[in-house]
Amino acid sequence: MHENLPTGRFFFNRIFLYDTHGNDMSDNALDTVRERITALDSELLTLLSERRKLTNEVAETKIKHHIPVRDQKREEQLLVRLIKEGQNIGLDPHYVTQIFHVIIEDSVLNQQAMLAERANPGSTLPLNRVAFLGDKGSYSYLATQKYFSRRPGELLEIGCQSFAEIIHKVESTEADYAVLPIENTTSGSINEVYDQLQHTQLSIIGELTHPIRHTLLVGTNTSIDKIKTLYAHPQVFTQCSHFLAELGNVEVKTMDSTSSAMLTVSELKRDDVAAIGSEAGGNLYGLMAIKSNLANQKENHSRFIVVARNPVVVPLQVPAKTTLVMSTIQKPGALVEALLVLRENSINMTKLESRPIPGNPWEEMFYIDVEGNVEDGPVQNALDALRGITRYIKVLGCYPSEEISPTKVAAASALAD
Ligand SMILES: O=C(O)C(=O)C[C@]1(C(=O)O)C=C[C@@H](O)C=C1
């Protein structure tokens, strides 16, 4: 009888709510169902925590028997079974696959962190003092929290105003680690960070990618058409240039960090100002998000590197990346020759960046990320060969790769059709 009614309708001062089957969902009925959902959600969390403990037990066995962390055959079997089971109880394959990709990524990253910690026993600190750009709520702050949540020891956050200050904090031993954004899927490489790496003796010991979800944040009840001034970090303006063009006549004010933009807007308490930042960050400043997905590209992610005074050893069971910096001899084809060395050693290059060398016009420093462990044969052979044909070469760091490619399930997708 109520099948075609909307889910909520105001009628004679009373709200009548019906579910899609026409069942009465008003007042007590709604509360009862919500209580059941709340209880189920808590159960899901308990199960996830238990699953995580079991995968940590698996890691212990892997450490003992030198077994690689990732087992994609096992992942595929697991996904195929779960997709089938899900279909039998009305869950669509895409939904099941997405959920389990996140769960598996979490267990792989936790296991990697455990193995890396065991391989570097002296490096575990009771307190991790970490320098990053901005203050509470900046994207670097959120990335720092995420990275260190998988690692033992407490976290002491040291917010900084510039990349040079961040590096200095670690060099001067005021901080143990620095978290630096190095590239973004929309705006590309962060040149200032590459330039800092040219002059420091610090080593890259980790990486992580973090989704960057820009939202429009305001401090009071207002709407987009009232905004006259917008505060954000320059990188943010670049990543949201399409949105800015649509906005038209708004003054943009560049800030040192996303967190200082959010702080400014929260202090001004005006309805004609807004900041761009993450919703989670804005919450810390009492700001409300009035529009989300502001980046030009829907998939907007930043890759961060973690640097420290000493390099780390990456166990061979963990997929590793190595970052090199080099300058080639000034002759035609010198870079090609260097890259061929990687191919000859079957090494996959994931990133190549060039930066000018100050004081040497038209000469470039090349930054190269490769898949591979500096302790392993192929990377060592490649380094030996590169030392012979480059003018300068240095390993900036070897670290566990946190790019966990999701296991594809061809057989399972067929099942879904
Ligand atoms: O079974 C294992 O070897 C695990 O480490 C657990 C697990 C999982 O989370 O299910 C995680 C990583 C492996 O690639 C495969 C499966």
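A. Representation of the confidence of the model for the protein chain. Summarising the model, the protein chain shows a mean pLDDT of 91, and 92% of its residues fall at 70 or more. Within the protein chain, helix α5 (residues 163-171) carries the highest mean pLDDT (98), whereas strand β1 (residues 8-11) carries the lowest (42). Both confidence scores are given for the complex: pTM 0.88, ipTM 0.98.

B. Quick peek at the domain arrangement of the protein chain. Segmentation of the protein chain into domains returns domain 1 (28-119 + 404-416), domain 2 (121-212 + 301-308), domain 3 (215-291) and domain 4 (320-400). Taking only C-alpha atoms, the centre of domain 3 and the centre of domain 4 are 40 Å apart.

C. Geometry of the site of the ligand. Within the structure, the ligand sits among 13 residues, and R51, K62, E75, S107 and Q111 are positioned closest to it. E75 has a polar side-chain atom sitting 2.5 Å from an oxygen atom of the ligand. Within the side chain of Q111, a nitrogen or oxygen atom sits 2.8 Å from an oxygen atom of the ligand. Against a free-state accessible area of 360 Å², the protein chains account for coverage of 91% of the ligand. Counting only elements with at least two residues in the shell around the ligand, the list comes to α1 (27-65), α2 (72-88) and α3 (93-119). In terms of residue count, α1 provides more of the shell around the ligand than any other element does, 4 residues in total.

D. Molecular detail of the packing of aromatic side chains. On inspection of all chains with the given rule, the structure shows 4 aromatic pairs. Aromatic side chains Y147 and F148 sit 5.1 Å apart centroid to centroid with 75 degrees between the ring planes, which places their arrangement in the edge-to-face category. One exposure class covers both Y147 and F148, and it is buried. Members of the aromatic cluster, joined through ring pairs, are Y147, F148 and Y177. A cation over a ring is seen here: R151 above Y147, with NZ or CZ 3.7 Å from the ring centre.

Analysis parameters
- Residues numbered from 1 in each chain as written.
- Predicted model: local features only at pLDDT ≥ 70, side-chain atom pairs only at ≥ 80, totals over all residues.
- Heavy atoms only, no water.
- pLDDT = per-residue confidence, 0-100.
- Helix = DSSP H or I, 4+ residues; strand = E, 2+ residues; numbered from the N terminus.
- Domains from an automatic or database assignment.
- Near = heavy atom within 4 Å.
- Polar contact = N/O pair within 3.5 Å; in protein donor to acceptor, adjacent residues only side chain to side chain.
- Areas by Shrake-Rupley, 256 points an atom, 1.4 Å probe, with all protein chains shown as cover.
- Phe/Tyr/Trp six-rings, centres within 6.5 Å; stacked < 30°, edge-to-face > 60°.
- Buried < 20%, exposed > 50% of the residue type's maximum accessible area, 1.4 Å probe, protein only.
- Lys NZ or Arg CZ within 6 Å of the ring centre and 35° of its normal.

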